[in-house]
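# An overview of the molecular structure
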Amino acid sequence: MNSPLRDLDPDPDPDSDARTFSAADLAVDRQLAQVSESFSFLLHITPVDGDDVKQAFLAGDVTEPTFTYRELADEPEVLKEQLAAIDVTTVEDRTLAHLLRAKHRELQLQLEMLCARDSDDFLPLSLELYGGVAPSLREHAERVLAGVGSPEPTAEPLDAEAFCALATEEIAHYREQSPGIEMHVQIRPDVNGVMVSGDTLLIGPESVVQSNRAAALLHHEVGTHLVTHVNGQAQPIKVLGTGLAGYDETQEGLAVLGEVACGGLTPFRLRQLADRVLTVHRMVDGASFAEAYAALVDAGVPESSAFTTVMRVYRAGGTTKDAIYLRGVVDLLEHLADDGDLDLLWLGKFSLQDLPLIAELAEDGALAPPRLLPRYLDDPKSTERLGWASGVHDLSQLVEGRT
């Protein structure tokens, strides 16, 4: 098998006959990027009162929780009008036209989902956007839960301020590579947990990160999501910064591989990804919030963690996104096992399915080399771990120390 990483040309020949896009084509790209940047889909479907509802649920005060979300006002309808005015059929470059048409449809779906938030129409749209749980993915998740024990030593917890300080240091490292990049970290009271929105790592004030997970989480959020955002923003095709259609699955899979590469994928974390898959399956199969929660607790998941997992899946009417983490890992490991590599995936945010098109554009000189590469690639052991992981068939073996 080839190395999962190979050198990108950092300085392509400026005199070569590079492929370029017309001003009209780039105008469509920028219009789509502007619509995409003008709203945060995940923030709008994430409860702002998750911690309060969790306390009430765990205390037995409620059995089927309801959540509060950010106010939408007329934003989705206005954005739908703006999106409808963008004519992607005028794009002349065939490769770019294919990519932009798919992005246009994805934005339509996201806006339709925001309009359908907390209604019965939300889940079918989520299934169209993210897909469900195929039998093969469910089998992967079940093998993980059967093969990886749940107990693990509790490491020293880091509060939001402490983790924010570590993230600030991590971002400073990337600024040394490329001064002036837009990367930020912020503690926000309306956020639960840790997530990336655009160029900013958002941390909820009640967030707690185990110290043995801190480095892996930084490689996941900063080293993957923020790094590819910066690299994509520097491309002639600006939607590579906001994300081409279907990019989430490959992004999350790549981010989890970053955890593997740095040796930070713990048994608890891998079981968490498997539990998310099974919780999505239960939700699509008709289980109530309380039933899905009980299934996790019965399987030994701590009550607080079980609530958070179920909340993520049942939010806004039913979100199947959490199945894509494990699915993305499976697809990328198959890609590596088939002598694929990861280097082009740093150019921006896009799906593995679109990799041949991105490779075509890169070979034609239409894309810029990445401004940043993940910090963990500085460690030779990371490449060794990724090469070893590419031969894994049972995902439970991804936990460091298992064979």
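Structure shown above.
Model, not experiment: these values are computed from the prediction. (Residues numbered from 1 in each chain as written. Predicted model: local features only at pLDDT ≥ 70, side-chain atom pairs only at ≥ 80, totals over all residues. Heavy atoms only, no water.)

### Observations regarding the overall build of the chain
In terms of helices and strands, the chain carries 17 helices and five strands. Relative to the 2.2 N^0.38 estimate, which gives 22 Å for 403 residues, the radius of gyration of the chain is 21 Å and therefore close to what a compact globule would have. Based on the C-alpha atoms only, the size of the chain along its principal axes is roughly 65 × 50 × 40 Å. Relative to its 403 residues, the chain shows a buried fraction of 52%. (Helix = DSSP H or I, 4+ residues; strand = E, 2+ residues; numbered from the N terminus. Rg over C-alpha atoms; globule rule 2.2 N^0.38 Å. Buried < 20%, exposed > 50% of the residue type's maximum accessible area, 1.4 Å probe, protein only.)

### With respect to the packing of aromatic side chains
This structure, assessed with the given rule, holds seven aromatic pairs. Summarising the aromatic geometry, the rings of Phe57 and Phe289 are spaced 5.5 Å apart at their centres and angled 70° between planes, so their arrangement reads as edge-to-face. Taken together, the positions of Phe57 in helix H3 (residues 50-58) and Phe289 in helix H13 (residues 289-298) put the pair 232 residues apart, joining distant regions of the chain. Exposure class is identical for Phe57 and Phe289. Each is buried. An angle of 65° between the planes, with centres 5.6 Å apart, marks the rings of Phe289 and Tyr314 as edge-to-face. Of the two residues, Phe289 sits in helix H13 while Tyr314 sits in helix H14 (residues 303-314), which places them 25 residues apart along the sequence. (Phe/Tyr/Trp six-rings, centres within 6.5 Å; stacked < 30°, edge-to-face > 60°.)

### Regarding unusual backbone geometry
One non-glycine residue, Asp118, lies in the positive phi region at around 65°. Residue position: Asp118 is located in the loop between helix H5 (94-115) and helix H6 (122-130). Here Ala316, not a glycine, exhibits a phi torsion of approximately 65°, which is positive. Here Ala316 is to be found in the loop between H14 and helix H15 (324-337). Of the residues examined, Ala316 reaches a relative accessible area of 0% and is grouped as buried.

### Quick notes on the environment of Val227
Relative to the elements of secondary structure, Val227 occurs in helix H9 (residues 211-233). In this structure Val227 comes out as buried when scored by relative accessible area, which is 0%. In this structure the C-alpha to C-alpha distance between Val227 and Ile324, which are 97 residues apart in sequence, comes to 20 Å. Sequence-distant contacts of Val227, that is, excluding residues within four places in its chain, are made with Tyr174, Met183, Val222, Leu372 and Pro374. (Contact = heavy atoms within 4.5 Å.)

### Thoughts on the sheet that holds strand S4 (residues 200-203)
What holds strands together in a sheet is hydrogen bonding between their backbones, with the strands either parallel or antiparallel. Pairing is mixed across the open sheet formed by three strands, whose spatial order is S2-S4-S3. The outermost strands of the open sheet, each flanked by one partner alone, are strand S2 (184-187) and strand S3 (194-197). Averaged over all pairs of adjacent strands, the angle between strand axes in this sheet comes to 25°, irrespective of strand direction. Note: S3 against S4, four bridges, orientation antiparallel. (Pairing = 2+ DSSP bridges. Axes fitted to C-alpha atoms, helices over the stretch in contact; angles between N-to-C directions.)

### Regarding the packing of helix H12 (residues 267-284) against H14
One can describe the packing of H12 onto H14 by two numbers: an axis separation of 10 Å at closest approach and a directional angle of 45°. Between H12 and H14, the crossing angle belongs to the class labelled oblique. For the pair H12 and H14, the sense of crossing is right-handed. Facing Phe268, Asp275, Arg276, Thr279, Val280, Arg282 and Met283 of H12, the residues of H14 in contact are Ser305, Thr309, Val310, Arg312, Val313 and Tyr314. Class assignment for the residues of the contact of H12 with H14 results in six nonpolar, three polar and four charged. (Parallel < 35°, antiparallel > 145°, perpendicular 65-115°, else oblique. Left-handed = near helix turned anticlockwise from the far one by under 90°. Nonpolar A, V, L, I, M, F, W, Y, C, P; charged D, E, K, R; others polar.)

### Digging into the environment of Leu202
Positionally, Leu202 belongs in strand S4. Looking at Leu202, the relative accessible area reads 2%, which means it is buried. In this structure the C-alpha to C-alpha distance between Leu202 and Ala116, which are 86 residues apart in sequence, comes to 25 Å.

### Details of the pattern of salt bridges
Two side chains carrying opposite charge are able to pair once their charged atoms lie near each other. Evaluation of the coordinates by the stated rule reveals 18 salt bridges. The closest approach of N and O atoms between Glu112 and Arg105, which form a salt bridge, is 3.6 Å. Beyond isolated ion pairs, a larger network of salt bridges with shared partners links Arg19, Asp93, Glu360 and Asp364. (Salt bridge = Lys/Arg side-chain N within 4 Å of Asp/Glu carboxyl O.)

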